[in-house]
Structure formats: structure tokens, C-alpha cells
Amino acid sequence: MIELKQVSRRYRQGDNLVVALDRVNLGIAAGEFVAITGESGSGKSTLLHLLGGLDRPDEGEIWVDGVAVGSASEKELTKYRREKLGIVFQFFNLLPTLTVLENVALPLQLQGQRLHRAEARARELLDLVDLAKRAGHFTFQLSGGEMQRAAVARALAHRPRLLLADEPTGNLDEVNAGRIMALFGAIDQQRLATLVVVTHSPEVAAQARRVVRLRNGRIEADVAGKGQGHGRRPPVVADDDSTSIGHPVHG
Ligand code: ADP
């Protein structure tokens, strides 16, 4: 579903040219759960921004679900982000003047869905992330862990093919980080989206089925992760598995 061919991205820093990504080749199939790891400055965020169509490569091609993300027009990229992509950032990015339910429903309304349909879908997602009880709260009334779960719900609302996450546990304590990791595990198990998660946390990476490690803008290692199933796909599950999402097991 994702293919990077000889992708390079260079940045000018004063008189220096920094090579953030250096002729990277990477393929990710639909339904994979991939962690992108590596030291600070290794190119992780650059890779994620390129996949999200938030930045463009200097060289090479980037394909995501049939879209030439590296060379698409702004209009095509807007459509791509709106229809195919969900993004979760470190700093939640929820709108403080809206309730949790309204925040999750917003992307659907932007797509033109009617309010009652958008909110019905938003409630499903809030169940998934165990925030049904907080639907009517404003986001500033939530804890950091709850905000991040709301952000995951919002990112999934429009059923994106690809969910990108940039250090999604970066601002969370261990317990809440564990809940987010369990949530990604559930998203993977239920095949809700292909998952690409940038993280420097070994615990988060351990949740993935595949771990791609970057170093100086190149892929240094591409190995099977320790995530449930050890790289094998589970059989398609019915949604009666959803009780496991409400009570994630830590550790
Ligand atoms: P990581 O996410 O692994 O920390 P980044 O992708 O943020 O790495 O950065 C890779 C390299 O590119 C670093 O040397 C960084 O300083 C440089 N870089 C990233 N973004 C920019 C930018 N907007 N302008 C200049 N240099 C940048």
C-alpha cells in the first residue's frame, strides 16, 4: 500500500546541507503495523511528514494507496489527507472550544456528513477508546491520556486507510502510554487501519509487528517486531472483540 522509491530529503541549515533521508526504499503492505525508530535526528519525522503529504521529497517517489503523494497537487493532497489519512501527533491538537464528541465528529462534518450520522460514528469511536463517558466534556477537562485517546478516535473517524502517529506516547506517563499502546494493538487486531508509528520508545516499538530503524537518513534495520502474532495476520475478527479495548491489559 505504501511504497517509497529512492526517496531523499535534504534541508539547508545555514551553509550546510543536511541529508534527512538518503535514497530510502521502503514498502509497507495494507494492514501492517510498523514502528519507525532511530535516534533523534535520524529522519523519523521527515519520513512521517512525507507519508502524510506535509512535506515533499527532493528526489524519489512516494505512493500511498494509489496516490503519488510526493508529487501530487495541493488539491490532491488535501483530498488524500481528508479521505485516506489519519494523523496522531504528540500534542493532541484537539480544539478546546469543542466537546470531545464534537472534536471526533468534526472530520466527518468536514467531509459533508450530516451531524447525527457524524456523531453516531463519533460515539462508536469513543467506545473504542473507552471515552464514552467523556463525550460531553470539553477537551481541556481531560487528562493527557484521555486527550490522546480522543485524538486517536478523531484520527480514525473517517475510516482512514493509513494511521500515522508521531511519538504518540511522548507526553504521557507509563500507565497512559500503556493504554495508548494497547489501543494501537486493538486497532491492529481489528484491522481498522495500516499503522505507521514513529517512536523512540522501545515499549511502543515492541507493540508493532515490524520495526524499521533509521540511522542518518537510511534504513539501518527492518525486522519483525514482537507485536501480537509476531508478524502473522490474525484471522478477521468480529467486533465482539471490542471488550478488550475498554480494559487494556498493561505490561
Ligand atoms: P528525527 O525525527 O528522527 O529526530 P528528523 O526527521 O526530525 O529526525 O530530522 C532529520 C535531520 O533533518 C536532522 O538533522 C534535522 O536537524 C534535519 N531537519 C529536519 N527538519 C528540518 C527543517 N525543517 N529544516 C532544517 N533541517 C531539518
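The coordinates are above.
For every chain, the first residue of the written sequence is number 1, and numbering continues from 1 along that sequence. Since the coordinates come from a predicted model, pLDDT governs what is reported: local features require at least 70, and pairs of side-chain atoms require 80 or more to be given and counted, while whole-chain, interface and lining totals use all residues. Only heavy atoms go into the side-chain values, all of them from the structure, while hydrogens and water stay out.

**Details of the packing of aromatic side chains**
- By convention, a stacked pair of Phe, Tyr or Trp rings (six-membered ring in the case of Trp) has centres within 6.5 Å and planes under 30 degrees apart, an edge-to-face pair has planes over 60 apart, and any other such pair is tilted. Evaluation of the coordinates by the stated rule reveals two aromatic pairs.
- Summarising the aromatic geometry, the rings of F138 and F140 are spaced 5.8 Å apart at their centres and angled 0° between planes, so their arrangement reads as stacked.
- We call a residue buried when its accessible area falls under 20% of the maximum for its residue type, exposed when it is over 50%, and partly exposed in between, using a 1.4 Å probe and counting protein chains only. Note on F138: relative accessible area 32%, which makes it partly exposed.

**Section: unusual backbone geometry**
- In the Ramachandran plot, Q6 falls in the positive-phi region, its phi being about 50° despite a non-glycine side chain.
- Numbering of helices and strands runs from the N terminus, with a helix taken as a DSSP run of H or I at least four residues long and a strand as a DSSP run of E at least two residues long. With respect to the element layout, Q6 can be found in strand β1 (residues 2-13).
- The class of Q6 is partly exposed, set by a relative accessible area of 42%.
- One non-glycine residue, R191, lies in positive phi territory at about 55°.
- Here R191 shows up in the loop between α6 (174-189) and β8 (194-198).

**Regarding the site of the ligand**
- We call a residue near a molecule or strand whenever a single non-hydrogen atom of that residue lies within 4 Å of it. Taken together, Y11, Q13, V18, A20, E39, S40, G41, S42, G43, K44, S45 and T46 make up all the residues around the ligand.
- Contact between the ligand and S42: an oxygen atom at 3.1 Å from a main-chain N or O atom of the residue.
- Any pair of N or O atoms that falls within 3.5 Å is considered a polar contact. Within protein, one atom must be able to donate a hydrogen and the other to accept it, and sequence-neighbouring residues count only if both atoms are side-chain atoms. Contacts to the ligand include G43, whose backbone N or O atom sits 3.1 Å from an oxygen atom.
- Values of accessible area rely on a 1.4 Å probe in the Shrake-Rupley scheme; residue burial ignores everything except the protein chains shown. Protein contacts shield 65% of the accessible area of the ligand, which totals 550 Å² for the unbound molecule.
- Per element, the largest residue contribution to the shell around the ligand is three residues, and it comes from helix α1 (residues 44-51).

**Quick word on the pattern of salt bridges**
- Salt bridges are defined by distance alone: a side-chain nitrogen of Lys or Arg within 4 Å of a carboxyl oxygen of Asp or Glu. For the structure shown, the criterion picks out 17 salt bridges.
- In this structure, the salt-bridge partner of R23 is D22, at a minimum N-O distance of 2.8 Å.
- The exposure class of R23 is partly exposed, given its relative accessible area of 40%.
- When its relative accessible area of 17% is taken as the criterion, D22 is described as buried.
- What you see here is one network of salt bridges that share partners, running through R9, D55 and D58.

**Quick look at the sheet that holds strand β4 (residues 59-64)**
- Reading across from one edge, β2-β1-β4-β5 is the order of the four strands in this open sheet, with antiparallel pairing throughout. Both outer strands of the open sheet, β2 (16-28) and β5 (67-68), are each paired with one neighbouring strand and no more.
- Bridging between β1 and β2 involves nine bridges; their strand directions are antiparallel. Counterpart to V7 in the pairing with β2 is V24.
- Any pair of residues with heavy atoms lying within 4.5 Å of one another is described as a contacting pair. Axis lines are fitted to C-alpha atoms, over the contacting stretch for helices. Their N-to-C directions set the angle, which ranges from 0 to 180 degrees. Contacts from α1 reach β1, β2 and β4 within the one sheet, and its direction differs from that of β1 by about 120°. At least two DSSP bridges between two strands are required for those strands to pair.

**Quick word on the sheet that holds strand β10 (residues 218-224)**
- Spatially, the six strands line up as an open sheet ordered β6-β7-β8-β3-β9-β10, and their pairing is mixed. Each of the sheet's edge strands pairs with one partner strand only, and the pair in question is β6 (85-88) and β10. Pairs of neighbouring strands in the sheet enclose a mean axial angle of 15°, with direction left out of account.
- One ladder, built from four bridges, connects strand β3 (residues 33-37) with β8; its direction is parallel. Residue pairing in the sheet places I36 in a bridge with V198 of β8.
- Where helix α2 (residues 74-84) meets the sheet, it contacts β6 and β7 (162-166), and its direction lies at approximately 80° from that of β6.
- Across the sheet, α6 is in contact with β3, β7 and β8; its angle to β8 comes to roughly 155°.

**Some thoughts on the nonpolar core**
- Here the nonpolar core consists of buried residues drawn from Ala, Val, Leu, Ile, Met, Phe, Trp, Tyr and Cys, with membership extended through side-chain atoms lying within 4.5 Å. With 41 residues, the main nonpolar core has L126, L156, L163, F184 and I187 as its most contacted residues.
- Domain start and stop points were drawn from an automatic or database domain assignment. Both domains that furnish three or more residues to this core are identified here as domain 1 (1-84 + 160-235) and domain 2 (94-158).
- Non-local contacts of L163, meaning those with residues more than four positions away in its chain, are made with G86, I87, V88, A155, L156, F184, I187, A193, T194, L195 and V196.
- By size, the runner-up hydrophobic cluster in this structure holds 28 residues, among which are L4, L21, L50 and L77.

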